[in-house]
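# Coordinate analysis (summary)
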Amino acid sequence: MMKGTYTETLKKVMKYLKNHRKLLWLSLFFALVTTAAALYVPIVVGRAIDDIKGAGSVDFDAIKKKLIAVMVLVFISAVSNWFMNLVNNRLTYNTIHDIRKDAIDKLQKLPMNYFDTTQTGDVVSRVISDVDLFADGLLLGFSKLFTSIITVIGTLFFLLMISPFICGLVVVLTPVSFLIAGFIAKNTHSMFIATSRTNAEETAYIDEMIGNAKLVRAYGYEDRAVNHFSEINTRLKKYAMRATFFSSLVNPSTRFLNNIIYALVGLLGAFACVKGNMSIGELTVVLSYSTQYAKPFNEISGVITELTGALASAGRIFEVLEAEEEIPDAVGAKVLENPSGNVEIKNVFFSYDKSKKLIENFSLSVKPGQMIAIVGPTGCGKTTFINLLMRFYDVDDGKISVDDEEIRRLTRKSLRAGYGMVLQDTGSLPEQ
Ligand SMILES: Nc1ncnc2c1ncn2[C@@H]1O[C@H](COP(=O)(O)OP(=O)(O)OP(=O)(O)O)[C@@H](O)[C@H]1O
Ligand SMILES: [Mg+2]
């Protein structure tokens with residue numbers, strides 16, 4: 001990641017979201033309603049069960065009312081969930097739109113030096129995939145995180161109301177399954193890293209072999225290429241299979257433990273019922289909460305990975321958005337109109353890398369109508385000279401004037417419009 005820490009990036013992200021503060025609050029509100037309504041369903045069902053007191057003493061009216069209440073709750077939860085998704089999508093696409101717009105505006109203002117020193121693919125991937133990753137990961141991640149936290153707090157609260165003992169049991173035992181999952185995940189992680197590293201190695205090798213197919217044939221390298229490739233390919237298979245094997249252990253083992261917790265809660269709850277400390281309805285509530293208690297945690301761990309990734313992407317985007325801009329045109333810069341073509345270059349010094357001298361004390365005077373050819377070995381600075389004339393770069397020392405006006409006192413736009421330029425390499429700007 002860039003200079004700053006995650007918190008710094010987060011602060012910048014918040015600034016972006018401020019434009020859509022209303023949507024953000026709306027999203028949180030719907031998240032709250034969705035989870036609260038869903039959480040309350042087991043309680044109502046439990047109460048309905050308690051209305052069944054035994055054969056011949058079933059309070060059907062009360063049950064009917066509660067069932068209607070359940071239907072209403074489920075409906076509210078579903079509708080509010082739908083609204084939440086609607087709001088989230090709007091938030092996501094608005095943010096993506098804003099960031100891309102800012103990024104493209106910014107790119108127009110960056111000096112040529114930025115494009116010469118940055119790989120095009122890198123900038124493109126920042127503006128396209130990083131923005132996508134960031135918006136999806138961050139915005140959806142936030143709402144998932146929020147929903148999960150409300151679910152955990154709500155579940156614990158209701159459990160505590162019914163049976164502090166069982167609540168304690170669930171709180172103590174559930175983390176054990178996370179420890180197991182974490183232990184396996186840690187070991188799987190290294191295998192996943194090895195897999196993706198080998199995958200990249202394989203892709204790079206394929207790219208090289210296909211890109212240089214002529215070379216491979218010309219030097220009779222086919223067999224060696226195939227052997228080398230199959231070595232990488234076999235390694236990839238080994239790592240991928242190991243990674244899949246370990247990761248497939250997580251689900252069964254945590255589920256096994258969760259089932260044990262479920263059985264324990266059921267057993268203890270049943271004892272409490274027999275003793276008369278708990279009603280059957282309450283037992284069903286406790287059982288359903290104890291199963292759903294673990295879910296948000298799994299979700300949270302997934303969300304944290306997602307958020308970390310999203311923030312890394314955000315950092316890469318902000319690097320573009322905060323890159324240093326081209327020095328603005330001088331105050332009162334003139335517009336070059338109908339240039340006659342009088343170009344005066346006086347004692348110009350310039351180099352890209354200040355430790356490597358390039359153009360030194362270069363002077364040239366070109367009168368209108370004169371035709372001049374600049375010739376020289378590769379790397380002598382012909383393109384660089386054009387870069388200076390067009391003000392893609394500014395001279396370190398000396399002066400370039402067009403029609404007796406120093407080019408730094410002209411607007412870049414009018415100066416550049418005054419030249420006719422044919423690119424050496426079609427499709428890329430800085431070369432000629
Ligand atoms: N953007 C840049 N950043 C740093 N160094 C550069 C940059 N562009 C060119 N150089 C270096 O400056 C020197 C002059 O390059 P320039 O492109 O001006 O040569 P040229 O005369 O146009 O060569 P050619 O005939 O190959 O086009 C070379 O050593 C080159 O490596
Ligand atoms: Mg050149």
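Since the structure is predicted, the reported quantities are computational estimates derived from the model, not experimental observations. (Residues numbered from 1 in each chain as written. Chains lettered and ligands numbered in written order. Predicted model: local features only at pLDDT ≥ 70, side-chain atom pairs only at ≥ 80, totals over all residues. Heavy atoms only, no water.)

## So, the overall build of the protein
- Counting its secondary structure elements, the protein contains 12 helices and four strands.
- A compact globule built from 432 residues should have a C-alpha radius of gyration of about 22 Å, whereas the protein, at 34 Å, is more than 25% larger.
- Structurally, the protein occupies a C-alpha span of about 115 × 65 × 30 Å along its principal axes.
- The 432 residues of the protein split such that 36% are buried.
- For the protein, the share of sequence-separated contacts (at least 6 apart) that also reach a separation of at least 24 residues comes to 76%.
- Looking at the protein as shown, the accessible area adds up to about 26,000 Å², and 63% of this sits on carbon and sulfur atoms.
- Charged side chains of the protein number 46 positive and 42 negative; the gap between the two group centres comes to 6 Å. (Helix = DSSP H or I, 4+ residues; strand = E, 2+ residues; numbered from the N terminus. Rg over C-alpha atoms; globule rule 2.2 N^0.38 Å. Buried < 20%, exposed > 50% of the residue type's maximum accessible area, 1.4 Å probe, protein only. Contact = heavy atoms within 4.5 Å. Areas by Shrake-Rupley, 256 points an atom, 1.4 Å probe, with all protein chains shown as cover. Lys, Arg positive; Asp, Glu negative; His and termini not counted. Charge placed at Lys NZ, Arg CZ, Asp CG, Glu CD.)

## A few points about the pattern of salt bridges
- Applying the stated criterion across every chain, the model contains 20 salt bridges.
- Note that Arg-235 is salt-bridged to Glu-201, the shortest N-O span being 3.1 Å. One end of the pair, Arg-235, is in helix α8 (residues 222-275); the other, Glu-201, is in helix α6 (residues 164-211), and 34 residues separate them in sequence.
- Of the residues examined, Arg-235 reaches a relative accessible area of 21% and is grouped as partly exposed.
- Between Arg-408 and Glu-406 there is a salt bridge whose closest N-O contact spans 3.3 Å.
- Among the charged side chains, a salt-bridge network with shared partners connects Asp-122, Arg-126, Asp-130, Arg-316 and Glu-319. (Salt bridge = Lys/Arg side-chain N within 4 Å of Asp/Glu carboxyl O.)

## As for the site of ligand 1
- Among the 12 residues in the neighbourhood of ligand 1, the closest are listed as Thr-378, Gly-379, Lys-382, Thr-383 and Thr-384.
- Between ligand 1 and the protein, one listed contact pairs an oxygen atom with a side-chain N or O atom of Thr-378 at 2.3 Å.
- Within the backbone of Lys-382, a nitrogen or oxygen atom sits 2.7 Å from an oxygen atom of ligand 1.
- In isolation ligand 1 exposes 630 Å². Once the protein is present, 63% of that is buried.
- Tallied by class, residues from the shell around ligand 1 come to four nonpolar, six polar and two charged. (Near = heavy atom within 4 Å. Polar contact = N/O pair within 3.5 Å; in protein donor to acceptor, adjacent residues only side chain to side chain. Nonpolar A, V, L, I, M, F, W, Y, C, P; charged D, E, K, R; others polar.)

## Topic: the pairing of strand β3 (residues 397-402)
- Strand direction decides the pairing type here: strand β1 (residues 343-350) and β3, joined by five bridges, are antiparallel. Bridge pairing links Lys-346 to Lys-399 in β3.
- In the sheet, β3 pairs with strand β4 (residues 405-406) via two bridges, with the strands oriented antiparallel. Each residue of the ladder has a partner; that of Val-402, found in β4, is Glu-405.
- Between β3 and β4, which pair antiparallel one after the other, the connecting turn spans two residues, and Asp-403 there sits at a positive phi close to 50°. (Pairing = 2+ DSSP bridges.)

## Describing the packing of helix α1 (residues 6-18) against helix α10 (residues 294-321)
- Running from N to C, α1 and α10 cross one another at 75°; their axes reach a closest spacing of 9 Å. Relative to α10, α1 is oriented roughly perpendicular. Note on element contacts: α10 touches α1 through Thr-308, Leu-311, Ala-312, Ala-314, Gly-315, Phe-318 and Leu-321, opposite Tyr-6, Thr-9, Leu-10, Lys-12, Val-13 and Tyr-16.
- When its residues are assigned to classes, the contact of α1 with α10 shows nine nonpolar, three polar and one charged. (Axes fitted to C-alpha atoms, helices over the stretch in contact; angles between N-to-C directions. Parallel < 35°, antiparallel > 145°, perpendicular 65-115°, else oblique.)

## Overview of the packing of aromatic side chains
- Overall, the coordinates contain 13 aromatic pairs when judged by the stated rule.
- With a centroid separation of 5.9 Å and 10° between ring planes, the pair formed by Phe-158 and Tyr-289 is classed as stacked. Linking Phe-158 in helix α5 (residues 120-162) with Tyr-289 in helix α9 (residues 280-292), this pair joins segments that are 131 residues apart in sequence.
- Three or more aromatic residues joined by ring pairs make a cluster, and in this case those are Phe-29, Phe-30, Trp-82 and Phe-83.
- Here Lys-354 stacks its cationic end above the ring of Phe-350, 5.2 Å away from the centre of that ring. (Phe/Tyr/Trp six-rings, centres within 6.5 Å; stacked < 30°, edge-to-face > 60°. Lys NZ or Arg CZ within 6 Å of the ring centre and 35° of its normal.)

## Focus: unusual backbone geometry
- Here Asn-347, not a glycine, exhibits a phi torsion of approximately 45°, which is positive.
- Its location among the elements puts Asn-347 in strand β1.
- Judged by its relative accessible area of 38%, Asn-347 falls in the partly exposed class.
- Unlike most non-glycine residues, Asp-404 shows phi in positive territory, near 65°.

## Thoughts on the sheet that holds β3
- The four strands are arranged β2-β1-β3-β4 in an open sheet whose pairing can be described as antiparallel. Two strands in the sheet have a free side with no partner beyond their single neighbour: β2 (359-366) and β4.
- Contacts between helix α11 (residues 382-389) and the sheet are confined to β1, β2 and β3, with β1 contributing the most and set at about 115° to the helix.

## A closer look at the environment of Tyr-6
- In this structure, Tyr-6 sits in helix α1.
- For Tyr-6, a relative accessible area of 40% corresponds to the partly exposed category.
- Along the sequence, Tyr-6 and Ala-314 sit 308 residues apart, while their C-alpha atoms lie 9.6 Å from each other.

## Some words on a nonpolar patch on the surface
- Judged by side-chain polarity, Phe-256, Ile-260, Leu-264, Leu-267 and Phe-271 come together as a nonpolar surface patch covering roughly 500 Å² of accessible area.
- Its location among the elements puts Phe-271 in helix α8.
- With relative accessibility at 52%, the residue Phe-271 sits in the exposed group. (Patch = residues over 30% accessible without salt bridge, like charges linked within 9 Å, V, L, I, M, F, W, Y side chains within 5 Å.)

## So, the domain arrangement of the protein
- If you check the domain split of the protein, you get domain 1 (6-321) and domain 2 (343-417).
- The straight-line distance from the C-alpha centre of domain 1 to that of domain 2 is 56 Å. (Domains from an automatic or database assignment.)

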